[in-house]
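Fold and geometry: a report
Spelled out from the first residue to the last, the chains are:
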Amino acid sequence: MSARPQTEDGARPARRRLSVDRRREELIAAALELFSRRDAEDVSIDDVAASAGASRALVYHYFGGKQELYVAALRSAADGLQDRLQRQERGGGSLEVARGLSRYFDFVEEHAAGFAALLRGGPGTRTGEIGEIVDGVRQRMFRLVLSEMGIAEPGPVLRTTLRSWIACVETAGLDWLDNRDMKRTDLEGLLMAQMVALLQVAATHDLQVKQLLEASPTGR
């Protein structure tokens, strides 16, 4: 077993004493960073422990195993993102949808590892509890948009259109994190324009969407 590192005067540095919650947060942050860059199957408990500067036993103490850690890490990211998607009660329509999108990208920018870990990987790998966590974020975004549009029951065309747009938002967020070659405000504007374009196409197939656009200044 290797000796603990020493300071220049030969004394061993004091071990940091962290609260249970703080230590757990550090382990989750380390896990999210690793899961954002590598498939979960390629990340070990030892990797997480080394990244967090903790012991393997401590990771098992808090989470029981890698699956439990993976679920806890993704749930932490999902909770943070869903908090950003809370309706702000400042009105409605496209302006509030744009504000919600901006809050979404606040999270993308401030918690890049969590966002990437949450959404990377194909749908086929997101089943069971993991799938429920990811779908919960998508449902929150979907409900936010519907609420701001004043729609209680979307028809199949509107539902499909909005879910397709949400998939565009997720893909754009991941691409932006990878490349950072576009201003965030420009990306948000592009996504809002894409929503309008999708709705305009959908309006040619569905009366509900047509009436929605006719009632909205953005759609005229």
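Residues numbered from 1 in each chain as written. Predicted model: local features only at pLDDT ≥ 70, side-chain atom pairs only at ≥ 80, totals over all residues. Heavy atoms only, no water.

The next point concerns the overall build of the chain. For the chain, the count of helices and strands is 10 helices and 0 strands. Element order for the chain, N to C, with α for helix and β for strand: α-α-α-α-α-α-α-α-α-α. In the chain, buried positions account for 41% of the 220 residues. (Helix = DSSP H or I, 4+ residues; strand = E, 2+ residues; numbered from the N terminus. Buried < 20%, exposed > 50% of the residue type's maximum accessible area, 1.4 Å probe, protein only.)

On to the confidence of the model for the chain, then. It should be kept in mind that the predicted coordinates are not to be read in detail where pLDDT is low. With 84% of its residues at a pLDDT of 70 or more, the chain shows a mean pLDDT of 87. Note on residues 1-15: pLDDT under 50 across the span, and 10 contacts to partners over four residues away in sequence or across chains. (pLDDT = per-residue confidence, 0-100. Contact = heavy atoms within 4.5 Å.)

Glancing now at the environment of Val209. Considering the arrangement of structural elements, one finds Val209 in helix 10 (residues 207-215). With residues up to four places along the chain from it excluded, the contact list for Val209 reads Val157, Leu158, Leu199, Ala202 and Ala203.

Here we take up helix 2 (residues 45-52). Turning to helix 2, its buried residues are Ile45, Val48, Ala49 and Ala52. Within helix 2, the buried residues cover an arc of 100 degrees as seen down the axis, which keeps them to one side. At the C-terminal side of helix 2, Gly53 shows a positive phi close to 70 degrees. (Arc of directions from axis to C-beta.)

Here the idea is simple: oppositely charged side chains can pair when their charged atoms come close. As enumerated under the stated definition, the model contains 14 salt bridges in all. Salt-bridge contacts for Arg75 lead to Glu129; the nearest nitrogen and oxygen are separated by 2.9 Å. Here Arg75, found in helix 4 (residues 66-84), pairs with Glu129, found in helix 7 (residues 128-149); they are 54 residues apart in sequence, far enough to count as distant. The partly exposed category is assigned to Arg75, whose relative accessible area is 36%. The residue Arg184 makes a salt bridge to Asp106 at a minimum N-O spacing of 2.7 Å. On the criterion of sequence distance, the pair formed by Arg184 in helix 9 (residues 184-203) and Asp106 in helix 5 (residues 94-110) is long-range, its members being 78 residues apart. Judged by its relative accessible area of 23%, Asp106 falls in the partly exposed class. Because the salt bridges share partners, they merge into one network encompassing Asp106, Glu109, Arg184 and Glu188. (Salt bridge = Lys/Arg side-chain N within 4 Å of Asp/Glu carboxyl O.)

Let's shift gears to the nonpolar core. Judged by nonpolar contacts, the single largest core of 67 residues is most densely connected at Tyr104, Phe115, Leu118, Leu162, Trp165 and Met195. Here this core gets 10 residues from one element, more than from any other, and that element is helix 7. Apart from residues no more than four positions distant in its own chain, Met195 is found in contact with Val97, Val145, Met149, Leu162 and Trp165. (Core = buried A, V, L, I, M, F, W, Y, C linked by side-chain atoms within 4.5 Å.)

Tracing the chain through its elements places Ala167 in helix 8 (residues 156-179). Exposure remark for Ala167: the relative accessible area of 38% places this residue in the partly exposed category. For the pair Ala167 and Arg138, spaced 29 residues apart in sequence, the C-alpha to C-alpha distance is 8.6 Å.

The next subject is the packing of aromatic side chains. Across all of its chains, the model carries 4 aromatic pairs by this definition. Between Tyr62 and Phe63, the aromatic rings sit 6.4 Å apart at their centres with planes inclined by 45 degrees, giving tilted as the arrangement. Taking the relative accessible area as the measure of exposure, Tyr62 reaches 21% and is therefore partly exposed. When the centroid spacing of 5.8 Å and the interplanar angle of 85 degrees are considered together, the rings of Tyr104 and Phe115 count as edge-to-face. With Tyr104 in helix 5 and Phe115 in helix 6 (residues 112-119), this pair connects stretches of sequence that are 11 residues apart. An aromatic cluster of three or more residues is present, and its members are Tyr104, Phe105 and Phe115. Its guanidinium or amino end placed over the ring of Trp176, Arg180 lies 4.3 Å from that ring's centre, counting from NZ or CZ. (Phe/Tyr/Trp six-rings, centres within 6.5 Å; stacked < 30°, edge-to-face > 60°. Lys NZ or Arg CZ within 6 Å of the ring centre and 35° of its normal.)

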